[in-house]
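Structural overview
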Amino acid sequence: MMNADATLERVWAVLEAVPDPEIPVVSIRELGILRDVRRAADDALEIVITPTYSGCPAMYQIAEDIGAALNAAGLAKHRIETVLAPAWTTDWMTSEAREKLRRYGIAPPMGNCGSNHAPQEKTIRFVPRAANNDKPPCPHCGSSHTERLAQFGSTACKALYRCIDCREPFDYFKPY
């Protein structure tokens, strides 16, 4: 039997290949959805995931895909725990995920929400953010001459933009 550390490393490697069902060019680990892999007191594997937003309909598919990947790798005794706090942030995306989004035609989130990739509790402030007049560059031609067409794009976590120069529409993964 493998030692616990080797098993956990293997689980991380297996789950690295699980794609996001809505954006298949990035893995759930690259997006920061996969939060932790640990061994429970009953020796089952616990997989901790956080949705990109609380109503994300892809979470059921993600859980099924995780289970299928673990079963295929012979790591069948597991359970999936979905945690909502701390809330997911685009800061948890890897730089590789951001580049993959851009190459896929989705403008990655601009800037940083201040979490420095480390999940932590934050004080909620009910004040509007300062206006961000920066527009996302077009993932097709790189132009910053873009316009927002709709606050929501193909999914609630994206906005719909169009490049004024090349006229191509594109999704922008909103930072939060």
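Bear in mind the structure is a predicted one, so any value in this text is a computation, not a measurement.

Reading the values: the criteria
- Residues numbered from 1 in each chain as written.
- Predicted model: local features only at pLDDT ≥ 70, side-chain atom pairs only at ≥ 80, totals over all residues.
- Heavy atoms only, no water.
- Phe/Tyr/Trp six-rings, centres within 6.5 Å; stacked < 30°, edge-to-face > 60°.
- Helix = DSSP H or I, 4+ residues; strand = E, 2+ residues; numbered from the N terminus.
- Lys NZ or Arg CZ within 6 Å of the ring centre and 35° of its normal.
- Pairing = 2+ DSSP bridges.
- Core = buried A, V, L, I, M, F, W, Y, C linked by side-chain atoms within 4.5 Å.
- Buried < 20%, exposed > 50% of the residue type's maximum accessible area, 1.4 Å probe, protein only.
- Contact = heavy atoms within 4.5 Å.
- pLDDT = per-residue confidence, 0-100.
- Salt bridge = Lys/Arg side-chain N within 4 Å of Asp/Glu carboxyl O.

Comments concerning the packing of aromatic side chains
Geometry of an aromatic ring pair is reported as the spacing of the ring centres plus the angle between the planes. All chains considered together, the criterion is met by 3 aromatic pairs. Measuring from centroid to centroid gives 5.7 Å for Y161 and Y172, while their planes differ by 80°, and the two rings are edge-to-face. Separated by 11 residues along the polypeptide, Y161 in strand β6 (residues 158-163) and Y172 in strand β7 (residues 169-173) bring together distant segments of the chain. Each member of the aromatic cluster is reached from another via a ring pair, and the members are Y161, F170 and Y172. A cation over an aromatic ring shows up here: R35 above the ring of W92, its NZ or CZ 3.6 Å from the ring centre.

Remarks on the pairing of strand β1 (residues 34-39)
The side chains of a regular strand alternate between both faces of the sheet. Sheet analysis places β1 next to strand β2 (residues 45-49), joined by 5 bridges and oriented antiparallel. Across the sheet, V37 pairs through a bridge with I47, a residue of β2. Between β1 and β2, which pair antiparallel and follow one another directly, the connecting turn spans 5 residues, one of which, D43, has a positive phi of 75°.

Side note on the nonpolar core
L15 and I47 are the most contacted members of the largest nonpolar core, which has 33 residues in total. Sequence-distant contacts of I47, defined by excluding residues within four places in its chain, comprise V11, L15, L34, D36, V37, I66, L70, R79, I80 and E81.

Here we look at the confidence of the model for the protein
Summarising the model, the protein shows a mean pLDDT of 87, and 86% of its residues fall at 70 or more. Throughout residues 124-130 the model reports pLDDT below 50, and contacts reaching past four residues in sequence, or to other chains, amount to 2 contacts.

What about the sheet that holds β6?
If you walk across this open sheet you meet the 4 strands as β4-β7-β6-β5, and the pairing is mixed. Only two strands of the sheet have a single partner each, and these edge strands are β4 (106-107) and β5 (146-150). With 4 bridges joining them, β5 and β6 adopt antiparallel strand pairing. The partner of T146 across the bridge, within β6, is C163.

Here we look at the pattern of salt bridges
Throughout the structure, instances matching the rule amount to 11 salt bridges. Between R29 and E16 there is a salt bridge, with the nearest N and O atoms lying 3.5 Å from each other. Here the residue R29 occupies a position in helix α2 (residues 28-31), and E16 occupies one in helix α1 (residues 4-16), the gap between them amounting to 13 residues. Residue class for E16 comes out partly exposed when judged on its relative accessible area of 30%. With a closest N to O distance of 2.7 Å, E81 and R38 form a salt bridge. One end of the pair, E81, is in strand β3 (residues 78-82); the other, R38, is in strand β1, with 43 residues separating them in the sequence. Look at E81 and you get partly exposed, because its relative accessible area is 31%.

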